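# Examining the three-dimensional arrangement
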There are 2 protein chains.
Amino acid sequence: MKIGYLGPESSFTHTAAVNAFPSEYLVPYRSIPACIKAVEFHEVDLAIVPIENTLEGSVNTTVDYLFHQSTIPVGAEIVLPIYQQLMVSKENKERWEEVTKILSHPQALAQSQEFIRQYFPNADLEQTPSTAYAASFVSEHPQEKIAAIAPRASAEKYDLEIVKENIQDIASNHTRFWIIGKDEAHLPYLPVEREQMSIAITMPSNMPGSLYKALSAFSWREINLSKIESRPLKTSLGEYFFLIDLVVDKPLELIEFALEEIRLLGGEVKIFGKYGIHTIYGV
Amino acid sequence: MKIGYLGPESSFTHTAAVNAFPSEYLVPYRSIPACIKAVEFHEVDLAIVPIENTLEGSVNTTVDYLFHQSTIPVGAEIVLPIYQQLMVSKENKERWEEVTKILSHPQALAQSQEFIRQYFPNADLEQTPSTAYAASFVSEHPQEKIAAIAPRASAEKYDLEIVKENIQDIASNHTRFWIIGKDEAHLPYLPVEREQMSIAITMPSNMPGSLYKALSAFSWREINLSKIESRPLKTSLGEYFFLIDLVVDKPLELIEFALEEIRLLGGEVKIFGKYGIHTIYGV
């Protein structure tokens, strides 16, 4: 089986993919839309893309692409703990505190704000397309006083020295990944912790009454929401759709009735999928 | 009066600042937290920062900083239409279609996705700290086959040629800016269109009942919400606060009663401000 993932190798998505599919053929893609398209064009059987991080919130590219431009189902979710490392070239390992520029992906820089403020308040911050790109750039410029923020796997791949460990702002930083391409993705190595359904709701005339009514369809049935988030519909300011995660611990029929009630109120419901959540420990 | 803004000069925030305060002293800052801190440390009287874009949604850095780390009030809102331009060096103006790399801020790249897909499906996309940085880089490397996506003001400032106009994905792309530092910011050149109040609500035990109850406090009083959005609390996955914009077209007491009801339910309410909304036309 071929599995597409948001590359490059040594990215967090790669770590999630390796843990979920240790013996399948993994194909890196350069962007989230490219990953999703690879499934649409049958280049791969499944793809794995990030959907949300504890600190930074939803990955808008994934949410927006799946909502606006795709009908690919979500078959499973993987939750991966995220640890960020500060790394420099081996040449610079004794004088890492002299670093004047730090490179990383915008989300990793955002996740390490407190550390940067404390240790490198005057450093230039340079955004890179990925954390792996930052690590590779540092390894190609070993004399420059630069550092990368990236996962442990990047230090190994690019032969860099980790000089400060686990620098992310909070200890319990996690990223959620979706495995897309089939209604149900079987992950034999990772047990299912619980079931969830993800939907998007667009209500006809906007707030407040409409969202309130939509939520009441879940509330009186005691269907639990584990997430609700609005995203702009991209038409004009003030028009939103709602991304909702439902806990599936009741008969599925009850949820279907709730969705039918929302449709009768004039709402549109898009179902991304009903899937199991798998957590990876000890990476 | 000194007004801090998210620089550099020729950024969209600068355009908003120039229109709001044509005769005040404008001070550029390198980041949104730096802008907000400049107000906290009384380096400037007011600051102007982006808060939301039609296409990309909330500017998380602004929302999170104001929610978690600041008590600075919001005194006014400015709505600016956003047009993105594709620009190259004057040397490259005849052969702009040979461009192999496009530089811009991640939000501007996201706002121009459709254009890029159509005209430059194979170009490398490089994220820069600002659109102005991208324009300045292109002007410093006039021989390279690169282009920048940036506002019109950047083409003028860096002497670049606009080769494709208004390339953003949708025509009605707007960005909201907040003027922070005073309860009420007087903008003599921009009339007030309507009044709004922005608050953040954190409910004690999480969804679904709690958000539904909080919304009912507004719903039965017929207080209109023009926005509701969840942001992660940065504690663990599944913990959120809610950013809500209320339309102020009823007696303020009614809103205060609603907020008091939410507090009695155990919710925490943070008020960012009650302010006028000003729209800039014709830029």
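Residues numbered from 1 in each chain as written. Chains lettered and ligands numbered in written order. Predicted model: local features only at pLDDT ≥ 70, side-chain atom pairs only at ≥ 80, totals over all residues. Heavy atoms only, no water.

Right, let's get into the sheet that holds strand 7 (residues 101–104) of chain B. All names here are of chain B. Within the open sheet, the five strands sit side by side as 8-7-9-6-10. Their pairing is mixed. On the outer flanks of this sheet lie strand 8 (124–127) and strand 10 (161–164), each paired with one strand and no other. Recorded for the sheet is a direction-independent mean angle of 35° between the axes of neighbouring strands. Across the sheet, helix 6 (residues 131–140) is in contact with strand 6 (85–88), strand 7 and strand 9 (146–150); its angle to strand 9 comes to roughly 150°. (Pairing = 2+ DSSP bridges. Helix = DSSP H or I, 4+ residues; strand = E, 2+ residues; numbered from the N terminus. Axes fitted to C-alpha atoms, helices over the stretch in contact; angles between N-to-C directions. Contact = heavy atoms within 4.5 Å.)

Contacts between the two partners involve 47 residues from chain B, matched on the other side by 47 residues from chain A. In total, chain B and chain A occlude about 3900 Å² of area from one another, counting both sides; carbon and sulfur atoms represent 53% of this. The tally of links from chain B across to chain A stands at two salt bridges. Our enumeration of links across chain B and chain A arrives at six residue pairs in polar contact (both at pLDDT 80 or more). Secondary-structure elements contributing two or more residues to the side of chain B that touches chain A are strand 3 (46–53), helix 3 (60–69), helix 5 (113–119), strand 8, strand 11 (174–180), helix 8 (209–219), strand 13 (225–232) and strand 14 (240–247) of chain B. Of the residues contributing to the side of chain B that touches chain A, the split by class is 17 nonpolar, 17 polar and 13 charged. (Buried area = accessible area lost by both parts, 1.4 Å probe. Salt bridge = Lys/Arg side-chain N within 4 Å of Asp/Glu carboxyl O. Polar contact = N/O pair within 3.5 Å; in protein donor to acceptor, adjacent residues only side chain to side chain. Nonpolar A, V, L, I, M, F, W, Y, C, P; charged D, E, K, R; others polar.)

For the rest of this paragraph, the subject is the domain arrangement of chain A. Splitting chain A by domain gives domain 1 (2–81 + 173–180), domain 2 (85–164) and domain 3 (196–274). Distance between the C-alpha centres of domain 2 of chain A and domain 3 of chain A: 41 Å. (Domains from an automatic or database assignment.)

Residue and element names in this part refer to chain A. Here the structure, examined in full by the defined rule, presents 14 aromatic pairs over all chains. Measuring from centroid to centroid gives 4.6 Å for Phe115 and Tyr119, while their planes differ by 25°, and the two rings are stacked. Remark: Tyr119 and Phe115 occur in helix 5 (residues 113–119); sequence separation between them is four residues, near one turn of the helix. (Phe/Tyr/Trp six-rings, centres within 6.5 Å; stacked < 30°, edge-to-face > 60°.)

This part is about the UniProt feature "domain: Prephenate dehydratase" (unreviewed entry) in chain A. UniProt's feature table lists "domain: Prephenate dehydratase" (unreviewed entry) at residues 2–182 of chain A, given in the numbering used throughout. Strand forms 31% of residues 2–182 of chain A and helix 31%; the C-alpha atoms that close the span are 13 Å apart. (UniProt positions renumbered as here; feature names shortened; annotations may be inferred.)

Note that A:His186 resides in the loop between strand 11 (174–180) and strand 12 (194–202). Residue classification places A:His186 among the exposed residues on the basis of a relative accessible area of 67%. (Buried < 20%, exposed > 50% of the residue type's maximum accessible area, 1.4 Å probe, protein only.)

Of the transformation placing chain B onto chain A, the axial shift is 0.0 Å and the rotation is 180°, giving an RMSD of 0.0 Å. Taken together, these values place the two copies in the relation of a two-fold axis. Every residue of chain B has its C-alpha some distance from the rotation axis, and the shortest such distance is that of B:Glu229, at 2.8 Å. Take the interface residues of chain B: 100% of them recur as interface residues in chain A, which is what a same-surface contact looks like. (Least-squares fit on C-alpha atoms with pLDDT ≥ 70 in both.)

So, about the sheet that holds strand 10 (residues 161–164) of chain A. Each strand in a sheet pairs with its neighbour through backbone hydrogen bonds, running either in the same direction (parallel) or in the opposite one (antiparallel). Residue and element names in this part refer to chain A. Pairing within the open sheet is mixed, and its five strands lie in the order 8-7-9-6-10. With one partner strand each, in any of the chains shown, strand 8 (124–127) and strand 10 form the two edges of the open sheet. Strand-to-strand twist in this sheet, taken as the mean axis angle between neighbours without regard to direction, amounts to 35°. Contacting strand 6 (85–88), strand 7 (101–104) and strand 9 (146–150), helix 6 (residues 131–140) crosses the sheet at an angle of about 150° to strand 9.

Time to look at helix 2 (residues 32–40) of chain B. Because an α-helix packs 3.6 residues into every turn, residues spaced three or four apart end up facing the same way. Residues and elements named next belong to chain B. Of all the residues in helix 2, the buried ones are Ile32, Pro33, Cys35, Ile36, Ala38 and Val39. Measuring from the side-chain oxygen of the N-cap residue of helix 2 to the backbone nitrogen of Ala34 gives 3.1 Å; that N-cap residue is Ser31. Looking one or two places after helix 2, you find His42, whose phi comes out positive at around 60°.

Moving on, we come to helix 6 of chain A. When we look at burial in helix 6 of chain A, the residues that qualify are A:Thr131, A:Ala132, A:Ala134, A:Ala135, A:Ser136 and A:Val138. Where helix 6 of chain A is buried, its residues touch strand 6, strand 7, helix 4 (106–111), strand 9 and helix 7 (152–157) of chain A.

All names here are of chain A. With respect to the helices, strands and loops of the structure, Ile180 is situated in strand 11. The exposure class assigned to Ile180 is buried, which follows from its relative accessible area of 0%. Considering only alpha carbons, one finds Ile180 and Leu66, 114 residues apart in sequence, at a separation of 9.9 Å. Here Ile180 is in contact with Ile36, Val39, Asp45, Leu46, Ala47, Leu66, Ile72, Pro73 and Val74, once residues within four sequence places are set aside.

Once that is clear, we can look at the pattern of salt bridges. Taken as a whole, this structure holds 32 salt bridges over all chains when the rule is applied. In this structure, B:Arg221 engages B:Glu261 in a salt bridge whose closest nitrogen and oxygen atoms are separated by 2.8 Å. Here B:Glu261 lies in helix 9 (residues 252–264) and B:Arg221 lies in the loop between helix 8 and strand 13, a separation of 40 residues in the sequence. Here B:Arg263 and B:Glu260 are joined by a salt bridge, their closest N and O atoms 3.3 Å apart. Here B:Arg263 and its partner B:Glu260 are both found in helix 9, three residues apart, which amounts to about one turn of the helix. Overall, the relative accessible area of 35% leaves B:Arg263 in the partly exposed class. You can call B:Glu260 partly exposed: its relative accessible area is 36%. Taken together, the shared-partner salt bridges in this structure form one network comprising A:Glu52, A:Glu77, A:Arg176, A:Lys227, A:Glu229 and A:Asp245.

This part takes up the side chain of B:Ser154. Residue and element names in this part refer to chain B. Its place among the elements puts Ser154 in helix 7 (residues 152–157). Among the residues examined, Ser154 registers a relative accessible area of 0% and is labelled buried. Not counting residues up to four positions away in its chain, the partners in contact with Ser154 are Ser10, Met87, Ala132 and Ala135.

Moving on, we get to the nonpolar core. Counting residues in hydrophobic clusters, the biggest one holds 45 residues, and the most contacted among them are A:Phe218 and B:Phe218. Beyond its immediate chain neighbours, meaning those up to four positions away, A:Phe218 contacts A:Ile199, A:Ile201, A:Ile223, A:Leu225, A:Ile244, A:Leu246, A:Ala258, A:Leu259 and A:Ile262. (Core = buried A, V, L, I, M, F, W, Y, C linked by side-chain atoms within 4.5 Å.)

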